[in-house]
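Residue-level listing of the chains:
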Amino acid sequence: FLGRTTISITRRPKTNNTITSSRGDVMPPTRYRVTTRQTRVRHPSRVAAWLVICLMLGFGVAVVDARVSKLDTHHSSSNLDPPSLVRRHTKPRHAPPTPFRHCGGTLGGTKQPCVYHPPAHTSVDVNTGTAEGTSKGPPMTRCELRLLEQPLDHFSFGNTETFQQRYFLCALDQFAPHKPALYFYTGNEANVELYVNATGVMWETSQFNPELNAALVFAEHRYYGGSRPKSMDDSSLSKKQRLAFLTSEQALADYAVLIRHVREVDLRRVADTGIGRVGDYNDSDNGDTGKDGADETETGNTFAERKHRTGNKYNPEKLAVIVFGGSYGGMLSTWMRLKYPHLVDGAVAGSAPVWSFMGEVPSVNPNTFASGVTFDASAWGGSGALCEGTVRAGFAELIGRIDDESLSEESSQVLTGTNTRYREPSVTDSYDSVTKALRLCPASAIKNSQDILSAAYWLQDSFDYLAMGNFPYPDSYILMGNGELPAFPFRKACGGELSDPATKRKGGSALIAALADFADVYYNYSRDLKCFEINSGGPNSETAEDTNLWDWQFCTEMFMPSARDGVVDMFWRQPWNLTEQIARCYNEWGVVPKQTWANTLFGGRRLHSASNIVWSNGALDPWSGLGVSHTTDFDGVLNPERSLEAIWLQNGAHHLDFFWSREDDDDELVHARATERELITRWIKKKHSRHGSNVAVE
């Protein structure tokens, strides 16, 4: 097409020697030699046509790759591994990212409390529970903090230890004894107070209309926040002994016991008296603990007296219970409906990666999360068209500064084969130039290749968390109330140098500095930082990172494979190494992961027997490819006849629909919440139509 072949025949010197071919055949001597040469013809029209075709094909491949990397979760890979399993100081990284790493529990004591400040319009009058009045306060002012004594081990009779589980009983003014309903938040890996103020969908649904009126319960997950067993802080025990009963299965049993207690004790008292109290409340009257009931104690000021509905006797068996949960909490809500259908009538699960475990068929694609982050950096994800390519080039440049000989053998093996397809040629700079480009403080100055690798992970974290928190309005959720991120923070971070075509041409430290500009949006939310400190989390087993409770859950049963490869994502090669991850879990916690237990216990994709569950996911959330949606439903689980529904938000980040509504919410978000309310109404009516029947809802 673009050239021609020239055939040349030349005379050989006369010889009688035979010739042996490449296959070993003996050939007679010849007097001539035949050669061919391919020559290009640089005809302008042909060259132009070829360039146009290449550009069109290249654009098509880029578009398809962006969508496939985001959505093709059934693709199996031989390099299984999580966004946790790359090396930091020669050790595989810990469990996949969780929005609550800054306030998650530790063995040595709780971290800073999770704080979320809801929008100003959610303030209510403390006395009336309405938006009118003068004594305004956040949703927390409509709640009563209570404690319930729970057995540490629900599944054996050999352990008699108990602990006090915290829960908030809220919006009792919305409870109607004649048509009773309860919205129950299945708390996840953080202090439960976070969800009380953040989960606007429960508050707004409960007062949307009389058919949806319900009391609210926000339950705290065992071992997190203030629901800490005494043995958890017993330093004489090993870490494995202190956390032995921190499992999702035990947490679900806690919630089942709590639902029965609220149904049969708390709400009965409200129905009988119409009066409750604010403050700590301790109730040991629970038959499932195996202990005799203790005297009830109530402290605090009198809560607003509710309007008492007379003439309508409360029937606990008629109570419709709808569970809500986001992220890991959404997984728990899904599983509560599966495991306790006689107690739970429906589940609303936001951004719940229930299809992320080993043992799935087809296998989980471990690159799904990283591909989802990369999608946010693409034009399809709303960012500048050049952002993804510049980020690829930036990480290739940074990783290219690593001297393999200065790394440990293990770290070098991880980096071997790192994709450098987008690397721009540049002069090898000193460590000082990397420190300067990243604007690091003196204490975090780059001194060796290990520091460069730690800096790369530090940068990568900012991409992960801004992708999860890529909300369409300024919000403090990802920062846990310590500051506020701008609207669509990922898109904002992708602006500037990352979207400037000159950045890649400059190469070198300019690319690394562009990555620092991105991280600045996340780490320097206060705009007060003059330089960055990198908390690399060394090998000390007593550090907060090493005692992260979510990592314990990952290493025992929440074993979620995840990886990065620098091909379908914009980072660098970080393979999932099952053997090394098992070794890390054993060295750190003294346990060997139950690799397929979550799949065995909860069924994985085998959800055809379930009913009354709605899953919501958003295209901007990197976890969405591991949740239930029409794109990931390969086995036909979704079934409107069984009320198994999926909601997709094209502009949605991590469980966006669970937050408080705003005047500028787009149409798809408004419609998503309306769909959830419609399903909840249907589930409640179905339960009430049974007139208190003890038959479990199928």
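Cut-off values and rules
- Residues numbered from 1 in each chain as written.
- Predicted model: local features only at pLDDT ≥ 70, side-chain atom pairs only at ≥ 80, totals over all residues.
- Heavy atoms only, no water.
- Helix = DSSP H or I, 4+ residues; strand = E, 2+ residues; numbered from the N terminus.
- Buried < 20%, exposed > 50% of the residue type's maximum accessible area, 1.4 Å probe, protein only.
- Contact = heavy atoms within 4.5 Å.
- Phe/Tyr/Trp six-rings, centres within 6.5 Å; stacked < 30°, edge-to-face > 60°.
- Lys NZ or Arg CZ within 6 Å of the ring centre and 35° of its normal.
- Core = buried A, V, L, I, M, F, W, Y, C linked by side-chain atoms within 4.5 Å.
- Disulfide = S-S within 2.5 Å.
- Pairing = 2+ DSSP bridges.
- Right-handed = clockwise from strand over helix to strand, strands pointing away.
- Polar contact = N/O pair within 3.5 Å; in protein donor to acceptor, adjacent residues only side chain to side chain.
- Axes fitted to C-alpha atoms, helices over the stretch in contact; angles between N-to-C directions.
- Left-handed = near helix turned anticlockwise from the far one by under 90°.
- Nonpolar A, V, L, I, M, F, W, Y, C, P; charged D, E, K, R; others polar.

Visitor: How would you sum up the side chain of His688? Please name residues and give values.
Guide: If you trace the backbone, His688 turns up in helix α18 (residues 667–689). You can call His688 buried: its relative accessible area is 12%. In contact with His688, not counting residues within four places along its chain, are Lys179, Pro180, Lys318 and Ala320.

Visitor: Before we move on, could you go through the packing of aromatic side chains and cite the residues and values that matter?
Guide: If you walk through the whole model with that rule in mind, you get 29 aromatic pairs. Consider the rings of Trp458 and Tyr523, whose centres lie 4.6 Å apart with planes at 10°: the pair is stacked. Of this pair, Trp458 sits in helix α11 (residues 449–468) while Tyr523 is found in helix α14 (residues 509–523), placing the two residues 65 residues apart along the sequence. Each member of the pair, Trp458 as well as Tyr523, carries the same accessibility label: buried. Ring geometry for Phe490 and Phe518: centres 5.0 Å apart, planes at 75°, overall edge-to-face. Of this pair, Phe490 sits in helix α12 (residues 489–493) while Phe518 sits in helix α14; the two residues are 28 residues apart in sequence, bridging distant segments of the chain. Each member of the pair Phe490 and Phe518 is classed as buried. Aromatic ring contacts, followed pair by pair, group Phe395, Tyr457, Phe463, Phe490, Phe518, Phe571 and Trp572 into a single cluster. It is Arg491 that lies over the ring of Phe488; its NZ or CZ is 3.9 Å from the centre. In this structure, Lys594 is placed above the aromatic ring of Trp597, and the distance from its NZ or CZ to the ring centre is 4.8 Å.

Visitor: Please provide a residue-by-residue account of the nonpolar core, values included.
Guide: Ranked by internal contacts, the top residues of the largest apolar core, which has 171 residues, are Tyr183, Phe184, Phe218, Phe324, Phe463 and Phe490. Ranked by the residues each element gives to this core, the list is headed by α11, at twelve residues. The contacts of Phe218, once residues within four sequence positions are left out, are Arg166, Tyr167, Phe168, Cys170, Tyr185, Val192, Tyr195, Val196, Thr199, Met202 and Trp203.

Visitor: How would you summarise the state of the cysteines if you had to cite specific residues and measurements?
Guide: Tallied over the full model, the rule gives four disulfides. Paired through a disulfide, Cys387 and Cys494 show a sulfur-sulfur distance of 2.0 Å. Taking the sign of the S-S torsion, -65° for the link of Cys387 and Cys494, the bridge is left-handed. Of the two residues, Cys387 sits in helix α8 (residues 387–400) while Cys494 sits in the loop between α12 and α13 (501–506), which places them 107 residues apart along the sequence. Take Cys387: its relative accessible area is 0%, and that puts it in the buried class. We classify Cys494 as buried; its relative accessible area is 1%.

Visitor: Give me helix α7 (residues 368–376): which residues, what numbers.
Guide: Buried residues dominate α7, accounting for nine of its nine residues. Listed in full, the buried residues belonging to α7 are Thr368, Phe369, Ala370, Ser371, Gly372, Val373, Thr374, Phe375 and Asp376.

Visitor: Talk me through the pairing of strand β16 (residues 346–350); I want residue IDs and the actual numbers.
Guide: Within β16, five of the five residues are buried, leaving the element largely enclosed by the surrounding structure. Here β16 shows no split at all, with Gly346, Val348 and Gly350 on one side and Ala347 and Ala349 on the other all buried. Both strand β15 (residues 320–326) and β16 contribute to a ladder of five bridges, which runs parallel. Residue pairing across strands places Ile322 opposite Gly346, the latter belonging to β16. The handedness of the β15 to β16 crossover, carried by helix α6 (residues 328–339), is right-handed. Bridge count for β16 against strand β17 (residues 613–618) is four bridges, and the pairing is parallel. From the neighbouring strand, Ala347 faces β17, where its bridge partner is Ile613.

Visitor: Could you give me a rundown of the environment of Gln574, with the residues and numbers involved?
Guide: Tracing the chain through its elements places Gln574 in the loop between α15 (549–556) and α16 (578–589). Between the C-alpha atom of Gln574 and that of Asn367, which follows or precedes it by 207 residues, the distance is 9.7 Å. Among the polar contacts listed, one links the side chain of Gln574 to the side chain of Gln460, at a separation of 2.7 Å.

Visitor: Can you explain the packing of helix α10 (residues 431–438) against α14? Please cite residues and give values.
Guide: Between α10 and α14, the shortest axis-to-axis distance is 8 Å and the interhelical angle comes to 35°. The chirality of how α10 crosses α14 is right-handed. In this structure, α10 uses Ser433, Val434, Ala437 and Leu438 to contact α14, whose residues at the interface are Ser509, Ile512, Ala513 and Ala516. Looking at the contact of α10 with α14 residue by residue, the classes come out as six nonpolar, two polar and no charged.

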